[in-house]
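A structural walkthrough
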Amino acid sequence: MKTEIIRIDSENQKGAAEKAAKLLREGALVAIPTETVYGLGANALDENAVKSIFQAKGRPQDNPLIVHISEIEEIYNLVKNFPESARKLAAKFWPGPMTLILKKSSKVPDTVTAGLDTVAVRLPRNETARAIIKQAGVPVAAPSANLSGSPSPTDAQSVYDDMNGRIPLIIDGGRCEVGVESTVISLIGEKAKILRPGGVTAQQIRDVLGDVEIDKAVLNEVSKDEKVSSPGMKYKHYAPKTKVVIVKGDDSSYRRFLNEQTGKFGALCFEEDAKYLKCKFVTYGKSTNPDSQSAALFSALRQADNLGVDVIFARYPNEEGIGLAVLNRLLRSAAFDVKEV
Ligand code: TXA
Ligand code: MG
């Protein structure tokens, strides 16, 4: 299959959205830009189309997908009920980088939810994404548009690197501004719970609901057989081909540790570190700016594979705000290998 890329500009947005929507209605897969990462979209109501997502990514069958909508009203078709907590969060953070887990309606195929009785729903902020969903006239199931296990794609080239020959169309909307996936919040239990940290921070959610739990799998390793609230948490994830080790320490300890290493190694560091290091490096944002770290992380992890080294020593991020999401992704890419210096 030949994979076409259409770069969006002010003139062709409508035409490109129509083309993508037509393919989606016909049961094909289309990669679409969102503010978080690129998604690999299919008509969520078409079982066969949804199955082909799992095939194209090599995704484990028991990992459910997020269903994307273009307006809040579209959620009523997908869920059994829309509780007060969900209403409040939606009013505040949609459209945006937040996914809500609610009881599913009978309209949502089991393939989408991997047999769970809940469904994940998101209303993205990216205008092109919403135009495509609106035009398609159906909800769009979309995981991140990477091969299963690889870092999520934050630009069209990264999607192409993973999906060339597997899908007919990539809509290129430029770089994703948030750079890490949406915050996944379960509203099934008594208390709201963050299953995956993301663009909407724990504090922002607390400001709306008063309280929110953070699932223990966010910062801790779970074994493959353990029951987890979000199946995606148990898989190796976001990993470049090169081994990653996270190094926790202040500016001078991190730099000293790297300059004392021998062998073929590189750094995944902050911009400020670069001039002090003697090794090859890729930077992921500024040390004092968590938003710049999240925006850069996934493409930096992909670039790290081009350093031609055996191990990458990644700098431990700031845990505040969106930094929790950065740490969550980095821990998985390093298979929880953290070294304190
Ligand atoms: O920002 C995002 O969320 C991106 C863009 C494309 O929207 N999508 C994304 O999808 O990250 P994906 O499939 O890579 O991650 C979805 C996560 C997985 O960890 C999955 O296990 C979890 O959401 N999930 C989906 N449905 C769920 C459900 N019903 N209950 C619990 N977790 C669920
Ligand atoms: Mg993913």
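Before reading further, recall that the structure is shown in the block above.
Below, the structure is looked at part by part. Numbering of residues starts from 1 in every chain and runs along the sequence as written. Chain A is the first chain written and ligand 1 is the first ligand written, with later ones labelled in order. pLDDT decides what is reported in this predicted model: residues at 70 or higher carry local features, side-chain atom pairs at 80 or more are listed and counted, and totals for whole chains, interfaces and linings draw on all residues regardless. Side-chain figures throughout are based on the complete set of non-hydrogen atoms in the structure, without hydrogens or water.

1. Quick word on the sheet that holds strand 16 (residues 338–340)
Backbone hydrogen bonds hold the strands of a sheet together, and the pairing may be parallel or antiparallel. Should DSSP find at least two bridges between two strands, the strands are regarded as paired. Secondary structure is summarised from DSSP: a helix means a run of H or I of at least four residues, a strand means a run of E of at least two, and numbering begins at the N terminus for each. Ordered in space as 14-13-15-12-16, the five strands form an open sheet in which the pairing is parallel. Edge positions in the sheet fall to strand 14 (280–283) and strand 16, since each of these pairs with one other strand and no more. Across this sheet, the average inter-strand angle for adjacent strands is 25°, counted without regard to direction. Both strand 13 (residues 265–269) and strand 14 contribute to a ladder of four bridges, which runs parallel. Bridging from a neighbouring strand, L268 pairs with V282 of strand 14. We call two residues contacting when some pair of their heavy atoms lies within 4.5 Å. Convention adopted: a line fitted to C-alpha atoms gives each axis, helices being fitted over their contacting stretch, and angles between N-to-C directions are expressed from 0 to 180 degrees. On the sheet, helix 10 (residues 323–333) packs against strand 12 (243–248), strand 13, strand 15 (311–315) and strand 16 and is oriented at approximately 130° with respect to strand 12.

2. Side note on empty space enclosed by the protein
Both cavities and pockets are sets of points on a 1 Å grid over the protein atoms alone; in a cavity a 1.4 Å probe fits but cannot get out, in a pocket the set is open with protein on both sides within 12 Å along at least five of seven lines, and lining residues sit with an atom within 4 Å of a point. Grid points are joined across faces, edges and corners, and a volume is the space filled by probe spheres set on the points. Using the criterion set out here, one finds one cavity of 30 Å³ or more in the structure. If you add up the space inside the largest cavity, you get close to 40 Å³. Considering the residues around the largest cavity, the lining is formed by P197, G198, V200, T201, A202, G321, I322, L324 and A325. Side-chain classes are defined by residue name, with Ala, Val, Leu, Ile, Met, Phe, Trp, Tyr, Cys and Pro counting as nonpolar, Asp, Glu, Lys and Arg as charged, and the others, Gly among them, as polar. Residue composition of the lining of the largest cavity, grouped by class: six nonpolar, three polar and no charged.

3. So, the layout of surface pockets
What the second largest pocket holds in volume is close to 280 Å³. Together, 14 residues line the second largest pocket, and D161, D162, K241, R302 and D305 are the ones closest to its centre. Of all elements in the fold, only helix 6 (156–163) and helix 9 (290–304) reach the threshold of two or more residues within the lining of the second largest pocket. For the lining of the second largest pocket, the residue count by class is three nonpolar, five polar and six charged.

4. Examining the sheet that holds strand 3 (residues 39–43)
The strand order 1-8-2-3-7-4-6-5-9-10-11 describes an open sheet built from eleven strands, whose pairing is mixed. Whereas interior strands pair on both sides, the edge strands pair on one side only; in this sheet they are strand 1 (4–7) and strand 11 (213–214). Examined bridge by bridge, strand 10 (residues 193–196) and strand 11 share two bridges and lie parallel to one another. The residue of strand 11 that forms the bridge with K193 is E213. Along the sheet, helix 3 (residues 84–93) contacts strand 5 (98–103) and strand 9 (183–186); its crossing angle with strand 5, the most-contacted strand, is approximately 160°.

5. Examining the packing of helix 9 against helix 10
Two numbers describe how helix 9 lies on helix 10: the axes approach to 9 Å, and their chain directions differ by 25°. Taken together, the axis directions place helix 9 and helix 10 in an arrangement best described as roughly parallel. Crossing of helix 9 against helix 10: the hand is left-handed. In contact with P290, Q293, S294, L297, F298 and L301 of helix 9, helix 10 contributes G323, V326, R329, L330 and S333. Put simply, angles under 35 degrees are roughly parallel, angles over 145 are roughly antiparallel, angles from 65 to 115 are roughly perpendicular, and the rest are oblique. Handedness of a crossing follows from how the near helix is turned relative to the far one, being left-handed for an anticlockwise turn of less than a right angle and right-handed for a clockwise one.

6. Considerations on the packing of aromatic side chains
Two aromatic rings, drawn from Phe, Tyr or Trp (for Trp, its six-membered ring), form a pair once their centres lie within 6.5 Å of each other, and the interplanar angle then sorts them: stacked below 30 degrees, edge-to-face above 60, tilted otherwise. For the coordinates displayed, the defined rule picks out five aromatic pairs. Ring centres of Y76 and F82 lie 5.7 Å apart, and the angle between their planes is 85°; this geometry places the pair in the edge-to-face category. For Y76, a relative accessible area of 45% corresponds to the partly exposed category. Residue classification places F82 among the buried positions, given a relative accessible area of 9%. The interplanar angle of 45° and the centroid separation of 5.1 Å between the aromatic rings of F270 and Y284 together place this pair among those described as tilted. With F270 in the loop between strand 13 and strand 14 and Y284 in the loop between strand 14 and helix 9, the pair connects residues that are 14 residues apart, well separated along the chain. Both residues of the pair, F270 and Y284, count as buried. Under the scheme applied here, a residue whose accessible area is under 20% of the maximum for its type counts as buried, over 50% as exposed, and between as partly exposed, the area being computed with a 1.4 Å probe on protein chains only.

7. Concerning unusual backbone geometry
The general pattern is negative phi for most residues beyond glycine and trans for most peptide bonds. Going from W94 to P95, the amide bond is cis rather than trans, its omega being -5°. Within the secondary structure layout, P95 lies in the loop between helix 3 and strand 5. You will see that Y238, though not glycine, has its phi angle at about 55°, which is positive. With respect to the secondary-structure elements, Y238 resides in the loop between strand 11 and strand 12. In this structure, F336 is a non-glycine residue whose phi angle is positive, near 65°. Here F336 lies in the loop between helix 10 and strand 16.

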